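Tertiary structure, described
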Amino acid sequence: MTAIETEGLTRRYGEVTALEDLSLTVDEGELFGLLGPNGSGKTTTIEILTGQLTPTSGSATVLSHDPVAEPLAVREAIGILPEREDPPSFLTPREYLQFVGDVRDLADVAGRIETWADRLSFSHKLDTLATDLSEGERQRVMLAQAFLHEPSLVFIDEPLVNLDPILQEEVKDHLQEYCDAGNTLFLSTHFVDVAEELCTDVAILREGELLATRDPRELAGEETLLEYFISTVGADPAEVTR
Amino acid sequence: MSTPTRTIFVAMLKEEWRLQSTLFGGRRFAAFPLAVLALTAGGFVLLSEAGTGQEAIVAGLHALVVFFGLQVGTIGLVGRDAMRDVLGDMTLLVFSSRTLPITWRRLLAIFLVKDLLYYSILFVGPVALAYTPIAIAGGQPPLEVGLLWLTLSGAFALGVGSSLTLIGLGSHHRLVGLGAVALVTAGVVLGGVDPVTLTPYGTYTDATLANAVAGFAPVVVLGVFGVLLFEPGERSQGRKRFALVDRLVHAVPDDRGITHKALFSVVRSSGSVWKVLFSMGVLFGVAALLLSELSRATAIEPHRGIAFGALLGLGGFTTYAWLTQFEDEGATLRYPVTTAAVFAGIRRAYLALVLPTGLVYFAIATVWVPISELLVGVVVFPLVAVYVYGLTAYVAGFSPTELLFDTPLFLAFGSGLSLMALPVLIASLANSAAPTIAMGVAVGVSTVAAAIGIVLGRLAGPRWESRLRTSS
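Rules of the game
Residues numbered from 1 in each chain as written. Chains lettered and ligands numbered in written order. Predicted model: local features only at pLDDT ≥ 70, side-chain atom pairs only at ≥ 80, totals over all residues. Helix = DSSP H or I, 4+ residues; strand = E, 2+ residues; numbered from the N terminus. Buried ≥ 20, exposed ≤ 12 C-beta atoms within 10 Å, placed from the backbone. Contact = placed C-beta atoms within 7 Å. Rg over C-alpha atoms; globule rule 2.2 N^0.38 Å. Nonpolar A, V, L, I, M, F, W, Y, C, P; charged D, E, K, R; others polar. Pairing = 2+ DSSP bridges. Right-handed = clockwise from strand over helix to strand, strands pointing away. pLDDT = per-residue confidence, 0-100. Core = buried A, V, L, I, M, F, W, Y, C linked by C-beta atoms within 7 Å. Domains from an automatic or database assignment. Axes fitted to C-alpha atoms, helices over the stretch in contact; angles between N-to-C directions. Parallel < 35°, antiparallel > 145°, perpendicular 65-115°, else oblique. Left-handed = near helix turned anticlockwise from the far one by under 90°. Expected span 1.5 Å × (residues − 1). Bend = angle between axes of the 7 residues up to and from the residue.

Regarding the overall build of chain B
- If you tally the helices and strands in chain B, you get 21 helices and 0 strands.
- Within chain B, the fraction of its 472 residues that count as buried is 45%.
- Across chain B, contacts joining residues at least 24 apart in sequence account for 79% of those joining residues at least 6 apart.

Dropping the structure here:
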């Protein structure tokens, strides 16, 4: 079954083309990675697929919904963790997650909050104002809101940013388990080694254009995903984040 | 109210209280309505002693509250990115539509209702309450104060709704936004349109059901249009840069880069240089309306040049706030120049924006006001603007928006402004009785105020450098 399908997706801002004719398919159960240098169109792609941005042309389907015509239906069905998104500064994580649960009309919100706070190690901070949390703690709360309703598809822009190494490993394990259970993950990341370790398929973008899609496990011989990425985008290795 | 709407509304109320009490301290925040009550009551006593009638006080009060609503509505010009710069690295619930199945417009509508309730209780409530002694002295029933509170709240909502609608129009078609302002101003001033009947003030003057419908319908219509038209404008990829504006910025003298940096922070942020034009245009429109109403309702013939000069000069505060919105206090200490040099650079940017913009409105006023009358205003205006700069820089430093909810600062700043503004505005009102003396007082007081402003502006640098070093 297909979780995401795009056909000729294009987005222009005046004379600037952020995304050009993107066509790709993501199957259910995949851990799909979107790789690319800064300004390559990764965030634009996620914003279109999650109904936040209307494409200039082209079409998309997300869990059988059209994100342009039914943005709320898409956001009801999926989880989203955008880049640079924090919980509201003057609510506590418990209050914010309760708010998320109420808006999503979930049962047993309190139980879900405890489960996710425990899983992502912020139980001791549940009643602290978000403005007083560290960046890593805020990132954990945002991860929890994306998974609170146990969606079958989650979009994440840079899942491991600001997390300490121990929690990075725990989150990676969780993402893996999540996909093993038949769910789909759509990751956008600069961390090529993370994509290589986790993803079942990656797409490489540069200046809004799709250059290649690849299963990292099928790379030939000694070639790493980083080397493949550099040779594909033609970038100076120093510009690529490991 | 459906469950999610109630959930969002309650969460937003909680968030607002936490934001204010965390930023400014619970006691200071709680004292704010009392400060508004005291300042307003003092103002009423002064106006009554100066012979201003109750009708003129109430009319002026409605106009001022509309103006305040317009200013609050212009927060929409700021957008999320700049809100972060004003409030620090903070996020509000109104911006959570990216991750949840709620539309931005629904969140904005609930946010507006919350804001209206909040200002209606904490700001408009004390203002209406301060009117009680005058109402009782004038033999008006206490119920009249309740009606005043209701119509003032409506006037505030009218201001916010107008602002958001105009910004929404402006963001889609900039000229349409400006055209709408020009049309309303021209309609009021030249066309003989009586706007009073279409405002909550019309309901206050004649409280019938028909007047209530006519007076509050525009409030609802503009509120709905505001929510439908306004876009958050947080994406910068599509933002246009105007080569002409860039060239004008570079034409302003600047020795250490501070002036250009401050100017670019205004012209390249949401709303660009239009927000300065819009903000002062709103002030100008309200002043024109107020002056024409005053002439119509009373025997007073105010000096319009002096009044425009004083009010446009006071409007410089908003521009100062925009110029400093991206200024990080800590970062200024890391610049290889003194804090005094930073303030000097900001002062140059402030004058480069405020003075030409004000003069544009004086030029517009020549359509119906004699040039000889406006010339006095052209003298008063820059002097008042210099005073406003000096006072704001000295009292509030790089965080002028904090004035609004920090009661001691608010009192100090409000008193400082009143000391200059009241004599100048009273001189404008006393024009019919003694025109030469009125002009002399207005020019004399504003000259002294400008001198004080220059001194305060020079003291601001050392004062804030010392404060920042001690606190960091």
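Read on, since the account is not over.
Let's talk about the overall build of chain A
- Assigned secondary structure in chain A consists of 8 helices and 9 strands.
- Relative to a compact globule of 242 residues, whose C-alpha radius of gyration would be 18 Å, chain A shows 18 Å and is just as compact.
- With the C-alpha coordinates of chain A rotated into their principal frame, the extents come out at 50 × 40 × 35 Å.
- Counting every position in chain A, which comprises 242 residues, the buried fraction comes to 46%.

As for the environment of serine 428 of chain B
Residue and element names in this part refer to chain B.
- Within the secondary structure layout, serine 428 lies in helix 20 (residues 407-429).
- When the C-alpha positions of serine 428 and valine 219 are compared, they lie 31 Å apart, and in sequence the two are 209 residues distant.
- With residues near it in sequence (within four places) discarded, serine 428 still touches Pro302, His303, Ile306, Ala307, Ala310, Ala438 and Ala442.

Brief notes about the interface of chain A and chain B
- Facing the 25 residues of chain A at the interface are 21 residues of chain B.
- Of all the elements in the fold, those that place two or more residues in the side of chain A that touches chain B are strand 2 (16-27), helix 2 (71-77) and helix 3 (93-103) of chain A.
- No other element matches the 4 residues that helix 3 of chain A contributes to the side of chain A that touches chain B.
- Each residue belonging to the side of chain A that touches chain B can be placed in one class, and the counts come to 14 nonpolar, 5 polar and 6 charged.

Comments concerning the pairing of strand 7 (residues 184-189) of chain A
All names here are of chain A.
- Burial of strand 7 is extensive: 6 of the 6 residues sit out of reach of the surface.
- Both faces of strand 7 are covered, namely the face carrying Thr184, Phe186 and Ser188 and the face carrying Leu185, Leu187 and Thr189.
- The pairing of strand 3 (residues 31-35) with strand 7 spans 5 bridges and is classified as parallel. Each residue of the ladder has a partner; that of glycine 33, found in strand 7, is leucine 187.
- Across 5 bridges, the pairing between strand 6 (residues 153-157) and strand 7 is parallel. Along strand 7, the bridge assignment pairs isoleucine 156 with leucine 187.

A closer look at the pairing of strand 6 of chain A
Residues and elements named next belong to chain A.
- Within strand 6, 5 of the 5 residues are buried, leaving the element largely enclosed by the surrounding structure.
- Across the two faces of strand 6 the burial is the same, with Leu153, Phe155 and Asp157 and Val154 and Ile156 all buried.
- Here strand 5 (residues 78-81) pairs with strand 6 via 4 bridges, running parallel. Each bridged residue has a counterpart across the sheet, and for glycine 79 the counterpart in strand 6 is valine 154.
- Assessed by its sense of winding, the connection that carries the chain from strand 6 through helix 6 (residues 165-180) to strand 7 is right-handed.

Thoughts on the environment of tyrosine 201 of chain B
Residues and elements named next belong to chain B.
- Tracing the backbone through its elements, the reader meets tyrosine 201 in helix 10 (residues 200-205).
- On the basis of neighbour count, tyrosine 201 is assigned to the buried category, with 24 C-beta atoms found within 10 Å.
- Put simply, tyrosine 201 and leucine 150 are 51 residues apart on the chain and 9.9 Å apart in space, counted from C-alpha to C-alpha.
- Not counting residues within four places of it along the chain, the set of residues in contact with tyrosine 201 comprises Ala59, His62, Thr151, Ala155 and Val196.

Quick word on the environment of proline 195 of chain B
All names here are of chain B.
- On the secondary structure map, proline 195 appears in the loop between helix 9 (174-189) and helix 10.
- Residue proline 195 is classed as partly exposed on the basis of its C-beta count, with 15 C-beta atoms lying within 10 Å.
- A C-alpha to C-alpha distance of 9.5 Å links proline 195 and glycine 215, two positions 20 residues apart in sequence.

Here's the deal with the confidence of the model for chain A
- Residues with a pLDDT of 70 or more make up 97% of chain A, whose mean pLDDT is 89.
- The element-level mean pLDDT for chain A is lowest in helix 8 (residues 225-233) of chain A, coming to 84, with strand 4 (residues 57-62) of chain A highest at 96.

Overview of unusual backbone geometry
Residues and elements named next belong to chain A.
- One non-glycine residue, serine 121, lies in the positive phi region at around 60 degrees.
- Its location among the elements puts serine 121 in the loop between helix 4 (109-119) and helix 5 (135-147).
- Take serine 121: there are 15 C-beta atoms within 10 Å of it, and that puts it in the partly exposed class.
- Its identity is not glycine, yet glutamate 158 carries a phi of approximately 55 degrees, on the positive side.
- Its location among the elements puts glutamate 158 in the loop between strand 6 and helix 6.

Details of the nonpolar core
- In terms of nonpolar packing, the biggest core is built from 196 residues, with Ala310, Val384 and Val424 of chain B touching the most fellow members.
- Of the domains in this structure, domain 1 (1-235) and domain 2 (238-472) of chain B are the two that each give at least three residues to this core.

Some details on the packing of helix 6 (residues 104-130) of chain B against helix 11 (residues 209-229) of chain B
Residues and elements named next belong to chain B.
- With their axes 9 Å apart at the nearest point, helix 6 and helix 11 run at an angle of 140 degrees to one another. In terms of orientation, helix 6 lies oblique with respect to helix 11. The hand of the helix 6/helix 11 crossing is right-handed. Every residue of helix 11 that contacts helix 6 at Arg105, Leu108, Ala109 and Leu112 is listed here: Gly223, Val227 and Leu228.
- Here the contact of helix 6 with helix 11 is composed, by residue class, of 5 nonpolar, 1 polar and 1 charged.

Digging into helix 11 of chain B
- Taking 1.5 Å per residue as the helical rise, helix 11 of chain B with its 21 residues ought to reach 30 Å, and the 30 Å between its terminal C-alpha atoms agrees with that figure.
- Along helix 11 of chain B, the helix axis deviates most sharply at phenylalanine 216 of chain B, where the bend reaches about 30 degrees; the proline proline 218 of chain B sits within four residues downstream.

Looking at the confidence of the model for chain B
All names here are of chain B.
- On average, chain B scores 83 in pLDDT, and the residues at 70 or more come to 87%.
- Scored below 50 in pLDDT, residues 234-239 makes 8 contacts in the model with residues more than four places away or belonging to other chains.
- Scoring of the predicted complex yields 0.73 for pTM and 0.77 for ipTM.

A few points about the packing of helix 16 (residues 316-324) of chain B against helix 18 (residues 339-365) of chain B
Residue and element names in this part refer to chain B.
- Relative to each other, helix 16 and helix 18 sit at 130 degrees, their axes nearing to 10 Å. Considered as vectors, helix 16 and helix 18 are oriented oblique to each other. Here the hand of the crossing between helix 16 and helix 18 comes out right-handed. In contact with Gly316, Thr319, Tyr320, Leu323 and Thr324 of helix 16, helix 18 contributes Ile346, Ala349, Tyr350, Leu353 and Val354.
- Residues belonging to the contact of helix 16 with helix 18 are distributed by class as follows: 7 nonpolar, 3 polar and no charged.

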